Amino acid sequence: MSDSLKTGKPQFRNINIADLVHYRMPLAAIISIMHRISGALIFLLLPVILLLLDKSLMSEISFEHFKGIASHWFVKLIILGLVWAYLHHFCAGIRHLLADVHVGVDKVNGRKSAVIVLAISLPLTALVALKLFGAF
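All of the points below concern the structure found in this document. Here the structure is a predicted model, which means the values were calculated and not measured. (Residues numbered from 1 in each chain as written. Predicted model: local features only at pLDDT ≥ 70, side-chain atom pairs only at ≥ 80, totals over all residues. Heavy atoms only, no water.)

### Here we look at the overall build of the protein
Reasoning step 1: Secondary structure summary: the protein contains five helices and zero strands in total.
Reasoning step 2: Against the compact-globule benchmark of 14 Å for 136 residues, the protein has a radius of gyration of 22 Å, which places it well outside the compact range.
Reasoning step 3: A buried classification covers 18% of the 136 residues belonging to the protein.
Reasoning step 4: In the protein, the share of contacts with a sequence separation of at least 24, taken over all contacts with a separation of at least 6, comes to 73%.
Reasoning step 5: For the protein, the accessible area works out to roughly 10600 Å², and carbon and sulfur atoms hold 71% of it. (Helix = DSSP H or I, 4+ residues; strand = E, 2+ residues; numbered from the N terminus. Rg over C-alpha atoms; globule rule 2.2 N^0.38 Å. Buried < 20%, exposed > 50% of the residue type's maximum accessible area, 1.4 Å probe, protein only. Contact = heavy atoms within 4.5 Å. Areas by Shrake-Rupley, 256 points an atom, 1.4 Å probe, with all protein chains shown as cover.)

Shown next, in the form of structure tokens:
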């Protein structure tokens with residue numbers, strides 16, 4: 001018989017893949033995972049961005065060519081995704097740096113800082129989207 005059944009204490013097991021659908025992660029964990037995803041996205045697409053920048057700076061003709069490509073709505077969505085990744089990664093990175101010096105590491109402050117990350121990064125992304133799609 002296992003020790004947990006003898007003592008009456010609850011038994012904790014690892015989460016299976018099937019259990020992930022029913023598991024509710026706190027907002028701070030979701031922000032942390034999004035921080036990692038945005039960092040990976042920036043890291044993986046940085047060579048492509050630098051290559052496009054290099055090609056666009058070669059001549060005026062290549063700049064006009066890339067300017068025409070960037071005016072397409074789908075390319076603007078990709079650019080907006082990269083802008084979100086950068087802004088979220090920056091804001092969440094500051095949150096993680098503060099956690100490294102033990103500021104806001106308890107449950108309540110961790111949730112507050114996660115909300116602050118969203119409250120800063122999402123409106124900034126919305127402002128860039130308005131500018132990108134020509135609202136002003």
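### Some details on the nonpolar core
Most often, soluble globular proteins have nonpolar side chains that are buried together.
Reasoning step 1: Counting residues in hydrophobic clusters, the biggest one holds six residues: Leu 27, Ile 31, Cys 91, Ala 92, Ala 114 and Val 117.
Reasoning step 2: Of all the elements in the fold, those that place two or more residues in this core are helix H2 (27-56), helix H4 (73-100) and helix H5 (107-132).
Reasoning step 3: Filtering out sequence-adjacent residues up to four positions away, Ile 31 remains in contact with His 88, Ala 92, Arg 95, Ala 114, Val 117 and Leu 118. (Core = buried A, V, L, I, M, F, W, Y, C linked by side-chain atoms within 4.5 Å.)

### Considerations on the packing of H2 against H4
Reasoning step 1: Here H2 crosses H4 at 130 degrees, and the two axes come no closer than 8 Å. When the interaxial angle is binned, H2 and H4 end up oblique. In this structure, H2 meets H4 at a crossing whose hand is left-handed. Packed against H2, whose contacting residues are Ala 28, Ile 31, Ser 32, Met 34, His 35, Ser 38, Gly 39, Leu 41, Ile 42, Leu 45 and Ile 49, the element H4 presents Gly 81, Leu 82, Trp 84, Ala 85, Tyr 86, His 88, His 89, Ala 92, Gly 93, Arg 95 and His 96 at the interface.
Reasoning step 2: Counted by class, the contact of H2 with H4 contains 12 nonpolar, nine polar and one charged residues. (Axes fitted to C-alpha atoms, helices over the stretch in contact; angles between N-to-C directions. Parallel < 35°, antiparallel > 145°, perpendicular 65-115°, else oblique. Left-handed = near helix turned anticlockwise from the far one by under 90°. Nonpolar A, V, L, I, M, F, W, Y, C, P; charged D, E, K, R; others polar.)

Don't take any of this as a statement about function, it's just geometry.
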